[in-house]
Amino acid sequence: MMSLMAAVMEGPLADLSKWETAGCSIARAMDLIGTRSAMLILREAYYGTRRFDGFARRVGITDAAAAAQLRKLTAAGLLEKRPYQEEGKRTRHEYALTQMGRDLLPAVVALWQWGDAYLQPGPPPLLRVDAETGEPVRVDLRTSSGTEIPLERLAVRVNEDYLRDRAERRKKNPDS
């Protein structure tokens, strides 16, 4: 029988019934990238797809759906539009990852890694390796010193900087 494992909720977070999840970063991230097409457009950007028709074709979505997701990801700052022009044709735009989009890569690789482990019926179709050494690449939860942290050692605590910032914002704009 598997024992129940959970993160260590510290201080006022220990009683889950006493606090709200307002402002949750996971919820905000999912609001932005939580659709299949958004994630697959990001996958394609990591793979090197840059042009609108490539995103729509490789993700397998309509032009309207691709346009909507590209607009959303661009407005949010994960992609940026860059003009290009083929000889004799009008100026068009391609899409490139911003630093914000590049910084999402570990989360995308973590989903990929999880899908390989639990959703593939056999060996995964693709491997993640270091281009220089061929060494396998994986995402792990680690401290800044490199210690791997299992769920039951993950502590979650209130960020005092967040509380101060929120209090300052409320002072400036009491109606928000």
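Data block above holds the structure.
Attention in this report is confined to the structure presented alongside it. (Residues numbered from 1 in each chain as written. Predicted model: local features only at pLDDT ≥ 70, side-chain atom pairs only at ≥ 80, totals over all residues. Heavy atoms only, no water.)

1. Some remarks on the overall build of the chain
Then step 1. Tallying secondary structure elements over the chain gives 7 helices and 4 strands in all.
Then step 2. N-terminal to C-terminal, the α/β element order of the chain is β-α-α-α-α-β-β-α-α-β-α.
Then step 3. Principal-axis analysis of the C-alpha atoms gives the chain an extent of 65 × 50 × 30 Å.
Then step 4. Per-residue burial for the chain yields a buried fraction of 20% across its 176 residues.
Then step 5. Residue pairs in contact within the chain that sit at least 24 positions apart in sequence constitute 45% of those at least 6 positions apart. (Helix = DSSP H or I, 4+ residues; strand = E, 2+ residues; numbered from the N terminus. Buried < 20%, exposed > 50% of the residue type's maximum accessible area, 1.4 Å probe, protein only. Contact = heavy atoms within 4.5 Å.)

2. Considerations on the packing of aromatic side chains
Then step 1. Here the structure, examined in full by the defined rule, presents 3 aromatic pairs.
Then step 2. A ring pair is formed by Tyr-47 and Trp-112, whose centres lie 6.4 Å apart and whose planes are at 70°; its orientation type is edge-to-face. Of this pair, Tyr-47 sits in helix α2 (residues 36-47) while Trp-112 sits in helix α6 (residues 105-118); the two residues are 65 residues apart in sequence, bridging distant segments of the chain.
Then step 3. Residue Tyr-47 is classed as partly exposed on the basis of its relative accessible area, which comes to 41%. (Phe/Tyr/Trp six-rings, centres within 6.5 Å; stacked < 30°, edge-to-face > 60°.)

3. Focus on a nonpolar patch on the surface
Then step 1. Residues Met-5, Leu-141, Leu-151, Leu-154 and Val-156 make up a contiguous nonpolar surface patch of about 390 Å² in total accessible area.
Then step 2. Inspection of the secondary structure assignment puts Leu-151 in the loop between α6 and β4 (155-156). (Patch = residues over 30% accessible without salt bridge, like charges linked within 9 Å, V, L, I, M, F, W, Y side chains within 5 Å. Areas by Shrake-Rupley, 256 points an atom, 1.4 Å probe, with all protein chains shown as cover. Salt bridge = Lys/Arg side-chain N within 4 Å of Asp/Glu carboxyl O.)

4. What about the side chain of Thr-98?
Then step 1. Here Thr-98 lies in the loop between β3 (92-97) and α5 (99-103).
Then step 2. Contacts of Thr-98, omitting those with residues within four sequence positions, involve Gly-77, Leu-78, Leu-79 and Glu-80.

5. Observations regarding the nonpolar core
Then step 1. Judged by nonpolar contacts, the single largest core of 17 residues is most densely connected at Ile-33, Ile-41, Leu-42, Leu-73, Leu-78 and Leu-79.
Then step 2. The element contributing the most residues to this core is α2, with 5 residues.
Then step 3. Leaving out residues up to four positions away in the same chain, Leu-73 has contacts with Leu-32, Ile-33, Ala-38, Ile-41, Leu-42, Leu-78 and Leu-79. (Core = buried A, V, L, I, M, F, W, Y, C linked by side-chain atoms within 4.5 Å.)

6. So, α2
Then step 1. Over its 12 residues, α2 extends 16 Å from the first C-alpha to the last, a length consistent with the 16 Å expected when each residue adds 1.5 Å.
Then step 2. Buried within α2 are the following residues: Ser-37, Ala-38, Met-39, Leu-40, Ile-41, Leu-42, Glu-44 and Ala-45.
Then step 3. Where α2 ends, the next residue or the one after it, Gly-48, has phi of about 110°, a positive value. (Expected span 1.5 Å × (residues − 1).)

7. Describing the side chain of Asp-116
Then step 1. Checked against the element boundaries, Asp-116 lands in helix α6.
Then step 2. The contacts of Asp-116, once residues within four sequence positions are left out, are Pro-124, Pro-125, Leu-126 and Arg-128.

8. A closer look at the pattern of salt bridges
Then step 1. Applying the stated criterion to the full structure yields 13 salt bridges.
Then step 2. Of the charged contacts in the structure, one is a salt bridge between Asp-116 and Arg-128, with a shortest N-O distance of 2.8 Å. Separated by 12 residues along the polypeptide, Asp-116 in helix α6 and Arg-128 in the loop between α6 and β4 bring together distant segments of the chain.
Then step 3. You can call Asp-116 buried: its relative accessible area is 13%.
Then step 4. Residue class for Arg-128 comes out buried when judged on its relative accessible area of 15%.

9. Looking at the packing of helix α1 (residues 25-33) against helix α4 (residues 63-76)
Then step 1. Interaxial distance between α1 and α4 falls to 10 Å at its minimum, and their mutual angle equals 140°. Considering their axes alone, α1 and α4 lie oblique with respect to each other. On α4, the residues touching Asp-31, Leu-32 and Ile-33 of α1 are Lys-72, Leu-73 and Ala-76.
Then step 2. When the residues that make up the contact of α1 with α4 are grouped by side-chain class, the tally is 4 nonpolar, no polar and 2 charged. (Axes fitted to C-alpha atoms, helices over the stretch in contact; angles between N-to-C directions. Parallel < 35°, antiparallel > 145°, perpendicular 65-115°, else oblique. Nonpolar A, V, L, I, M, F, W, Y, C, P; charged D, E, K, R; others polar.)

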